[in-house]
Amino acid sequence: MTDRPGWWRLMPTGTAPPLKAAVVVESFLVDGGRTVRLEHHLRRFRCSCEQMGLEVDERMLHSLVAEISTTLPVIGRWFPRLEARDGSPAPLVGWIREAPAARSSIRLWYSGRADPRLHPRAKGPDLPLLADLRLQARARYCDDAVLTTADGIVLETAHAGLLWWCGDELCLPGPMLPRLDSVTARMIIDLARQQGVRTRTECRTLAEIVGTEVWAVNTVHGIQAVTRWSGVAAVARPALDLARLRHFCEQLRIAARPISHHSTLGHRDANIVGRQL
């Protein structure tokens with residue numbers, strides 16, 4: 001274990017992070033030593049820290065990510081987590097965790113209440129609340145909870161971004177809505193545009209999207225087709241376009257790069273990202 005009190009610390013593999021210790025968190029999938037857009041996860045981590053008033057030492061963040069890269073086994077699915085805690089500069093903690101089994105479909109529950117988060121654009125401060133929502137969803141035989149605005153506009157789920165298809169157009173919630181910037185959703189949108197698929201942002205209620213093909217997307221599961229809604233009036237759903245779904249899943253797999261490549265981008269690139277915030 002590497003231990004630098006007040007700066008950064010990599011916890012022993014297999015230990016579980018406490019739910020309430022971190023102010024900001026960021027997690028990313030490493031499958032067979034490869035990961036997708038680690039630099040975007042780090043950018044979101046920095047943005048979340050900035051929103052929460054935490055100062056991140058770039059050299060310490062780079063050192064922690066490099067240590068995770070060299071410690072991770074090259075075989076298997078892993079789900080490292082970065083944490084920033086209160087302090088100046090913010091103490092950084094890394095956790096190496098086994099990733100849960102990949103899931104290709106998801107059942108979603110809607111509570112009928114507005115998104116209760118206090119910091120929807122930052123990942124971490126509302127984590128205990130989101131974990132409780134997922135527990136409530138599981139009590140109803142679902143996998144996650146849908147979040148909406150007070151007037152019912154779809155935002156995301158407690159642990160994933162949402163995309164939906166309107167014919168041949170791929171849609172996502174508008175950028176001005178109070179939601180987390182999903183690295184995976186952004187990646188899928190970029191892949192779609194590169195292949196000539198039309199995309200658009202829009203504000204829709206659940207009632208307006210439950211009759212479409214909806215994807216819940218995140219780093220650990222990739223694309224999960226929504227196969228059941230709870231708490232929403234039942235409507236006929238179109239059959240999944242399995243060929244399209246498999247194509248985008250394959251494109252995400254191809255986009256993965258060795259984590260060693262990301263970790264050797266160097267402090268120069270970390271500073272570039274930092275200046276973009």
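Residues numbered from 1 in each chain as written. Predicted model: local features only at pLDDT ≥ 70, side-chain atom pairs only at ≥ 80, totals over all residues. Heavy atoms only, no water.

Novice: How do you make sense of the packing of aromatic side chains when you look at a structure like this?
Specialist: Each aromatic ring pair is characterised by the separation of its centres together with the angle its planes make. Scanning the model with the defined rule gives three aromatic pairs in all. Look at Trp215 and Phe248: their rings are 5.7 Å apart centre to centre, the planes differ by 65°, and that puts the pair in the edge-to-face class. With Trp215 in strand β15 (residues 213-218) and Phe248 in helix α6 (residues 242-255), this residue pair connects regions lying 33 residues apart in the sequence. You'll find Trp215 and Phe248 in the same group, each marked buried. Of note, Arg244 hangs over the ring of Trp165, and the distance from its end group to the ring centre comes to 3.7 Å. (Phe/Tyr/Trp six-rings, centres within 6.5 Å; stacked < 30°, edge-to-face > 60°. Helix = DSSP H or I, 4+ residues; strand = E, 2+ residues; numbered from the N terminus. Buried < 20%, exposed > 50% of the residue type's maximum accessible area, 1.4 Å probe, protein only. Lys NZ or Arg CZ within 6 Å of the ring centre and 35° of its normal.)

Novice: I tried to follow the packing of helix α4 (residues 183-194) against α6 on my own but got confused; where do I start?
Specialist: What describes two packed helices is the angle between their axes and the distance between those same axes. Here α4 crosses α6 at 105°, and the two axes come no closer than 11 Å. Here α6 runs roughly perpendicular to α4, going by the angle between their axes. Side by side, α4 and α6 meet where Thr184, Met187, Ile188, Leu191 and Ala192 of the first sit next to Phe248, Gln251, Leu252 and Ala255 of the second. Of the residues assigned to the contact of α4 with α6, the class counts are seven nonpolar, two polar and no charged. (Axes fitted to C-alpha atoms, helices over the stretch in contact; angles between N-to-C directions. Parallel < 35°, antiparallel > 145°, perpendicular 65-115°, else oblique. Contact = heavy atoms within 4.5 Å. Nonpolar A, V, L, I, M, F, W, Y, C, P; charged D, E, K, R; others polar.)

Novice: Is there a simple way to explain the pattern of salt bridges in this structure?
Specialist: Any two side chains of opposite charge can pair, so long as their charged atoms come close to each other. Under the definition given, this model contains 18 salt bridges. Its salt-bridge partner being Arg85, residue Glu83 comes within 2.8 Å of it at the nearest N-O pair. Taking the relative accessible area as the measure of exposure, Glu83 reaches 0% and is therefore buried. Residue classification places Arg85 among the partly exposed residues on the basis of a relative accessible area of 23%. Across the salt bridge formed by Arg253 and Glu250, the nearest N and O atoms sit 2.5 Å from each other. Remark: Glu250 and Arg253 occur in helix α6; sequence separation between them is three residues, near one turn of the helix. Of the residues examined, Arg253 reaches a relative accessible area of 54% and is grouped as exposed. One salt-bridge network, in which partners are shared between bridges, spans Glu169, Arg200, Glu202, Arg204 and Glu208. (Salt bridge = Lys/Arg side-chain N within 4 Å of Asp/Glu carboxyl O.)

Coordinates in, geometry out; function isn't part of it.
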